[in-house]
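Tertiary structure, described
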Amino acid sequence: MSIDTAAAFDVTDYLRKQMMPHFLCPGCGHGMALRALLWAIHDLEIDKDALAVVSGIGCAGRLSAYIDANTFHVTHGRPIAYATGLALARPDLHVVVITGDGDCLAIGGNHLIHACRRNLKLTCLMLNNEVYGMTGGQVSPTTSQSRLTTTTPLGNAEPHFDACALATAAGAGFVGREVTRHVPKLKELIKAGLRHEGFAFIEILSDCTEIFGRKNEMGSSPEMMMRQKSELRPSAYRDTVDTPFRANDLPTGILARNDRPEYGAAYRSAAAAARNGAR
Amino acid sequence: MNVVSAMPAPAADVRLLSGNHACALAATAAGCRFFAGYPITPSSEIAERLSLELPKVDGVFVQMEDEIAAMAAVIGASMGGLKSMTATSGPGFSLKQENLGYAAGAEIPCVIVNVMRGGPSTGMPTRPSQADIMQARWGSHGDYPLIALAPASVREIYDETIRAFDLAELYRTPVVLLYDQVIAQLSETVALGAAHPRGRVERKWASGPAADYKPYAADGDAIPAMPLPGAGYRTHTTGLTHAEDGFPTQNPEAVTRNLSRLFSKLDGRRDAIDSWETIHCEDAEIVIVAIGISARAAMRAIEECRAKGVRAGLFRPVTLWPFPQAALREAAAKAKAVLVPEMNTGQLRLEVERVLAGAPVKGLNLFSGEAIAPAQIAASITALAKEVR
Ligand code: SF4
């Protein structure tokens, strides 16, 4: 864990000050996720002009508007597909996707699995708060079992996705998970994802204090974080591969990694070879 | 305003091409450097041809996981600065409407080809139709303007594909190229070099100091200059209603101002956008209004009828949306009746009735998956002429 750059990092250098105050509820974990992303950008010295952030719809989707970069707030579930076009057109840009659990795994699930397979260089941050917060707290594909939401008044009876296992199975070159509580650790994970030459999927376990926490009587923001602390343990992925999602020991950190050829580079080199008469 | 410079006409390059292949070749000639698509009959030849052509010109072809993703990727690439396009048919056109609305609202140039096949739903994948005329105009939710072009021959597909890119880039709007399965897969000889207007248009890019720049503030021409990512503007693009600064707003004045400008952008340029062809309308007692292969059949029917002393003429919208209404009113001013042959239950007729309010308008509708034959149109002209004489 490196916190050595904390003193040199001023988050306001990377925020659009005219957009403040932000619209997130008090205690919402998304603010910490945003901070970790911007800190990672700072550490890697990525030029803001070369940074493109593409986000979907929902509370997570709104974060792009706060970032002082080239930002695109697109349609529900589609940020990975928009980012695919953008990154193929502009390999010179760092393209980051910010999406939520509903955006990424429900309406946008098809785009996620194919992005994992295609392996175009994109850094995808999925902010998992287990709920559709912006629309008022409906059940999502990651809502834990028996949780109360506005559309599961009797408790959620559907099993939930393990997004990282899904991304790994679909072939993502880089898969990681972290909690918002550990901002420096999260920052390091995002840095590793940004450096990865291929599709990087990072699940960030966030806290929807106002909608999900309140409905399930999980207490205030600090209490929600402490609960995460007791429910999660950092460990090697292989040790826990058979354990179900959110069953007291969810692994965090880098969970899968491979160095398959990056799609954009592979496409461009095949095209160049064809132009040079190799085919 | 941006410059349209005519390239010097190269020596005639005569080829036998299908409509879909002509579309693909025209796209690269127009400067298209990105195509994202999904396989669907009867438009797949456009994707197949571009998968071969685009790498030759340092462009990118990608087959996406679904129709929705293809439209999204096209918009993403266009936001990145490339002239971009997709092609599909009915079922895929339905799926594209979600992101097409985004392109209209956020003003991202792109070209969408819809090769019309029989519907509804999966319908008749290999059979022609003209039943997406209204969908092309009104397919996505909310109020938005767009341009749709309706070529009627392989040669015209080539020219109109180029014009589609020019219009999309100049006016920052999605442009739909709408044609039926018959001309999509019909092969005709086309002289590529000789006369086609090889217009090359460059999008109006933002220039000047970033501090003063507002991405949706338009000077007098109602077309905002677009920020190229990486050029230092660091703007926000959203599908939410936005103010001149690009950020979301629900301020009633700002919302009204932006949407009004969006419409005025095209409304104020009808002289440049409208296009149509008229044949023998000057003295016609019966004016036919038709597009695509139905217009081709009508041309034959008109010759036959004239030979028998029935004065018929053709009004053929080439720009379908916005509909060239002033031109139709003029062409049909002296007609006793109007006939609208189309491969659907009467979509074009609805628009013609609106434009010529009160005039006698008859439909000739075939939705069996067959093209309308010249003889069918000739018979309708003859019967209609008798009725109104
Ligand atoms: S609704 Fe939930 S996720 Fe959305 S801003 Fe509020 S606390 Fe955060």
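Small disclaimer: the values here were computed from a predicted structure and weren't measured.

Side note on the overall build of chain B
Broken down by element type, chain B carries 13 helices and 18 strands. Over its C-alpha atoms chain B spans a radius of gyration of 21 Å, differing by no more than 12% from the 21 Å that the globule rule assigns to 389 residues. Expressed as lengths along the three principal axes of its C-alpha atoms, the size of chain B is roughly 70 × 45 × 45 Å. In chain B, which comprises 389 residues, the share counted as buried stands at 61%. Residue pairs at least 24 apart in sequence account for 77% of intrachain contacts in chain B once pairs closer than 6 positions are excluded. Of the roughly 14200 Å² of accessible surface on chain B, 54% is carried by carbon and sulfur atoms.

Observations regarding the interface of chain A and chain B
With 34 residues of chain A in contact, the opposing surface of chain B contributes 38 residues. Around 3100 Å² of area is buried between chain A and chain B when both sides are counted, 57% of it from carbon and sulfur atoms. In this structure, the connection of chain A to chain B is made through five salt bridges. For the salt bridge of B:Arg234 with A:Asp68, the shortest nitrogen-to-oxygen distance reads 2.9 Å. In this assembly, chain A and chain B are joined by 22 residue pairs in polar contact (both at pLDDT 80 or more). Elements represented by at least two residues in the side of chain A that touches chain B include exactly β2 (70-73), α2 (79-89), α4 (109-118) and α9 (263-275) of chain A. Considering each element in turn, the side of chain A that touches chain B owes the most residues, seven residues, to α2(A). Taken together, the residues of the side of chain A that touches chain B sort by class into 14 nonpolar, eleven polar and nine charged. Relative to strand β12 (residues 236-238) of chain B, β2(A) runs parallel, the two sharing three bridges. For A:Phe72, the partnering residue across the bridge sits in β12(B) and is B:Thr237.

Quick notes on the sheet that holds strand β15 (residues 312-317) of chain B
Residues and elements named next belong to chain B. Taken together, the five strands give an open sheet; going across it, the order is β13-β15-β14-β17-β18, and neighbouring strands pair in mixed fashion. Every interior strand has two partners, whereas the edge strands, β13 (276-279) and β18 (361-365), have only one. Strand-to-strand twist of the sheet, defined as the mean angle between neighbouring strand axes without regard to direction, takes the value 20°. Two strands pair when backbone bridges link them, and β13 and β15 are joined in this way by four bridges, in the antiparallel orientation. Opposite threonine 278, over in β15, you have phenylalanine 315 as the bridge partner. Helix α13 (residues 374-388) rests against β14 (286-289), β15, β17 (337-342) and β18 of the sheet, and its axis sits at about 160° to β17.

A few points about the pattern of salt bridges
Counting across every chain of the model gives 37 salt bridges over all chains. Two residues, B:Arg261 and B:Glu107, come together in a salt bridge whose shortest N-O distance is 2.6 Å. A residue pair is termed long-range when its members are at least 10 positions apart, and B:Arg261 in helix α8 (residues 252-267) and B:Glu107 in the loop between α4 (90-106) and β6 (110-118) qualify at 154 residues. Comparing B:Arg261 with B:Glu107, the two get one shared label, buried. Via salt bridges that share partners, A:Asp43, A:Lys187, A:Glu188 and A:Lys191 belong to a single interconnected network.

Side note on the site of the ligand
All names here are of chain A. All residues in the neighbourhood of the ligand are listed as Leu24, Cys25, Cys28, His30, Cys59, Asn129, Cys208, Thr209, Glu210 and Ile211. Looking at which element gives the most residues to the shell around the ligand, the answer is helix α7 (residues 209-215), with three residues. For the shell around the ligand, the residue count by class is six nonpolar, three polar and one charged.

Things to note about the pairing of strand β4 (residues 122-128) of chain A
Residues and elements named next belong to chain A. Burial analysis of β4 places seven of its seven residues in the buried class, which makes it a mostly covered element. Because side chains alternate across β4, one face comprises the buried residues Leu122, Cys124, Met126 and Asn128, and the other comprises Thr123, Leu125 and Leu127, equally buried. Direction of pairing for strand β3 (residues 94-100) relative to β4: parallel, over a ladder of five bridges. Paired with isoleucine 98 across the two strands is leucine 125, which belongs to β4. Two strands pair when backbone bridges link them, and β4 and strand β8 (residues 199-205) are joined in this way by seven bridges, in the parallel orientation.

Some words on the nonpolar core
With 158 residues, the main nonpolar core has A:Phe201 and B:Met85 as its most contacted residues. If you tally residues by element for this core, the top one is helix α6 (residues 154-171) of chain B, at ten residues. Each of domain 1 (14-191) and domain 2 (278-388) of chain B contributes no fewer than three residues to this core. Counting residues in hydrophobic clusters, the runner-up holds 39 residues, among them A:Cys28, A:Leu38, A:Val96 and A:Ile204.

Scoring rules and cut-offs
Residues numbered from 1 in each chain as written. Chains lettered and ligands numbered in written order. Predicted model: local features only at pLDDT ≥ 70, side-chain atom pairs only at ≥ 80, totals over all residues. Heavy atoms only, no water. Helix = DSSP H or I, 4+ residues; strand = E, 2+ residues; numbered from the N terminus. Rg over C-alpha atoms; globule rule 2.2 N^0.38 Å. Buried < 20%, exposed > 50% of the residue type's maximum accessible area, 1.4 Å probe, protein only. Contact = heavy atoms within 4.5 Å. Areas by Shrake-Rupley, 256 points an atom, 1.4 Å probe, with all protein chains shown as cover. Buried area = accessible area lost by both parts, 1.4 Å probe. Salt bridge = Lys/Arg side-chain N within 4 Å of Asp/Glu carboxyl O. Polar contact = N/O pair within 3.5 Å; in protein donor to acceptor, adjacent residues only side chain to side chain. Nonpolar A, V, L, I, M, F, W, Y, C, P; charged D, E, K, R; others polar. Pairing = 2+ DSSP bridges. Axes fitted to C-alpha atoms, helices over the stretch in contact; angles between N-to-C directions. Near = heavy atom within 4 Å. Core = buried A, V, L, I, M, F, W, Y, C linked by side-chain atoms within 4.5 Å. Domains from an automatic or database assignment.

These figures capture arrangement, not role.
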